[in-house]
Amino acid sequence: EEAPISHSVSDLGASIRMERFVPRFLDMYKAQSGYAGKVHTYVMFPDKGAYKRYHASVVDHLKLDPDHILYIKKTRVGDQIGQEQKLFYE
């Protein structure tokens, strides 16, 4: 995701800083007084792509067990998007 952005400004002589927001959000969430703790916390991603991108951040920052990090399966056929009404984890 960062490569196209970096490439698009490479000829401008600009300095850029790219940082993913999810790790920062997870730290802020965990620091809140109402954080329920890892036993009572679940993270659900809208698709497997987001799950793959951010799974490691959730493990690193919230220390959740694998069965507390969930995703929804999506299918795409043409311009139609479908979702299975089940939650998955790995």
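Further up the page is the structure itself.
Residues numbered from 1 in each chain as written. Predicted model: local features only at pLDDT ≥ 70, side-chain atom pairs only at ≥ 80, totals over all residues. Heavy atoms only, no water.

Draft legend 1. Representation of helix α3 (residues 48-62) within the structure. In α3, a bend of some 50° at Tyr-54 exceeds every other bend along the element. Listed in full, the buried residues belonging to α3 are Ala-50, Tyr-51, Tyr-54, Ser-57, Val-58 and Leu-62. On its buried face, α3 is in contact with α2 (21-31), β1 (43-45) and β2 (69-71). Sitting at the head of α3, Asp-47 places a side-chain oxygen 3.2 Å from the backbone nitrogen of Gly-49. (Bend = angle between axes of the 7 residues up to and from the residue. Helix = DSSP H or I, 4+ residues; strand = E, 2+ residues; numbered from the N terminus. Buried < 20%, exposed > 50% of the residue type's maximum accessible area, 1.4 Å probe, protein only. Contact = heavy atoms within 4.5 Å. Polar contact = N/O pair within 3.5 Å; in protein donor to acceptor, adjacent residues only side chain to side chain.)

Draft legend 2. Layout of the side chain of Thr-41. Of note, Thr-41 is situated in the loop between α2 and β1. With relative accessibility at 3%, the residue Thr-41 sits in the buried group. If sequence neighbours within four positions are ignored, Thr-41 has contacts with Tyr-29, Tyr-35, Ala-36, Leu-64 and His-68.

Draft legend 3. Up close: a nonpolar patch on the surface. Where nonpolar side chains cluster on the molecular surface, the patch consists of Phe-21, Phe-25 and Tyr-29 and spans about 300 Å² of accessible area. Structurally, the position occupied by Tyr-29 is in helix α2. Overall, the relative accessible area of 30% leaves Tyr-29 in the partly exposed class. (Patch = residues over 30% accessible without salt bridge, like charges linked within 9 Å, V, L, I, M, F, W, Y side chains within 5 Å. Areas by Shrake-Rupley, 256 points an atom, 1.4 Å probe, with all protein chains shown as cover. Salt bridge = Lys/Arg side-chain N within 4 Å of Asp/Glu carboxyl O.)

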